Amino acid sequence: MHLTVRLRWLFALFGFSVLPLAAGTPCEPVDGIQSICGLTAPEDLVPAPNGRDLIFGQMAGPGGLYLLDTRDDSVHSLLPEPVSAPPDELWGDPQCLRPLPRLEAHGLDIRRRLDGRWQLLVVNHAERESVEFFELQNPLGDRPRAHWRGCAEGPPAANFNDVAGLSDGSLLVTHMADRRWQLVNAVLAALGRDTGFVYRWTREAGFTPLPATRARHPNGILLAPDEQTFYLNVYLGNVVQHRALPGGELLAEVPVPKPDNASWAEDGRLLVASHEGTLWQVFRSLSQGHQRPSELPFSIVALDSVTLEPATLLQRSGPPMGAGTVALQRGQSLYIGSYVGDRILRVPLSLLQRP
């Protein structure tokens, strides 16, 4: 999730102090859960095409895109020096010709395009509010590289969170609320007002809102494998929705407290990260900085992709980390990222609750 520093001001103004902070949390295992430390706000994770590793971004600090090698949990940069692509190699807006020297990477998505090349999409907040396009080269190897292929810069009010790319080069991206009035919109959403929606972007038409998707701070978005439907996590609406393409019409929904990002498990279910603290605890977590992990209580919920029947796989409160934003299965482990703090968790599947 992403809210501006105005929420820190709101928190300080009212003097809330309802969530303890993990002071200098060590990197040793806790309850069999391993921490991969030395990171900064690794908010989203996606699977690398080699079937073993994962790709993540950093939403703060130095930012950037990285590969986590799950054989030894080593971290490797995906980005060479930024170089502009030739015009005929650009996948984004034809007017976007300049790569950025730095990324604040929020939501990620990876998909194979119709021409067979692997596309990595990144929601970025540094310098411009945009979706950045990268081609993942050497995708099946140990050390792929992400080469810039353009961007789609959002409208003036855009406040992007997560992205889902289609194989034809178009994409869906969640817009939480007008970024010029985020403090007001956070309060309105908490009171029940729909503040955001999903944009569809194409190279020909740019960003087009899908009015049917209006909701209270839309957060994570995940495309179905057949690209006919998608799943939308409505953070302040406390629901996960199944919606149809092309218009975004609602098919079904299920209550899930403050759902953040989602991924596909190997058994075909959705894995959804859910925050269980109060809204004030969320604000506290957002305001703390990244030197230590949050202790915001969270759960990982598995949803049947058809019936949306939920099953809680993991509940955590306290060390080694709270505020889990995404869970990604790689082999016999579940990797969990966060919008705040210094680590990714690796949880053995043997520790998960069985439905």
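Here is a short report on the structure shown in this document. (Residues numbered from 1 in each chain as written. Predicted model: local features only at pLDDT ≥ 70, side-chain atom pairs only at ≥ 80, totals over all residues. Heavy atoms only, no water.)

## Looking at the packing of aromatic side chains
Logical step 1: Counted under the stated rule, the structure contains seven aromatic pairs.
Logical step 2: Aromatic pair F56 and Y66: ring centres 5.5 Å apart, planes at 25°, arrangement stacked. Taken together, the residues F56 in strand β3 (residues 54–57) and Y66 in strand β4 (residues 65–69) connect sequence positions 10 residues apart.
Logical step 3: Look at F56 and you get buried, because its relative accessible area is 0%. (Phe/Tyr/Trp six-rings, centres within 6.5 Å; stacked < 30°, edge-to-face > 60°. Helix = DSSP H or I, 4+ residues; strand = E, 2+ residues; numbered from the N terminus. Buried < 20%, exposed > 50% of the residue type's maximum accessible area, 1.4 Å probe, protein only.)

## Some details on the environment of R346
Logical step 1: As for its placement among the helices and strands, R346 is situated in strand β24 (residues 343–348).
Logical step 2: With residues up to four places along the chain from it excluded, the contact list for R346 reads I33, Q34, D73, S333, L334 and Y335.
Logical step 3: A distance of 2.8 Å separates the side chain of R346 from the side chain of D73, its partner in a polar contact. (Contact = heavy atoms within 4.5 Å. Polar contact = N/O pair within 3.5 Å; in protein donor to acceptor, adjacent residues only side chain to side chain.)

## Description of the state of the cysteines
Logical step 1: Under the criterion given, the structure shown has two disulfides.
Logical step 2: Across the disulfide from C27 sits C37; the S-S distance is 1.9 Å. Every disulfide takes its handedness from the sign of the S-S torsion; for C27 and C37 that torsion is 105°, giving right-handed. Of this pair, C27 sits in the loop between α1 (6–14) and β1 (34–37) while C37 sits in strand β1; the two residues are 10 residues apart in sequence, bridging distant segments of the chain.
Logical step 3: On the basis of relative accessibility, which here comes to 29%, the residue C27 falls in the partly exposed class.
Logical step 4: Put simply, C96 and C151 are joined by a disulfide, and their sulfur atoms are 2.1 Å apart. Across the S-S bond linking C96 and C151, the dihedral sits near 115°, which makes this disulfide right-handed. Linking C96 in the loop between β5 (74–77) and β6 (105–112) with C151 in strand β9 (residues 145–153), this pair joins segments that are 55 residues apart in sequence. (Disulfide = S-S within 2.5 Å.)

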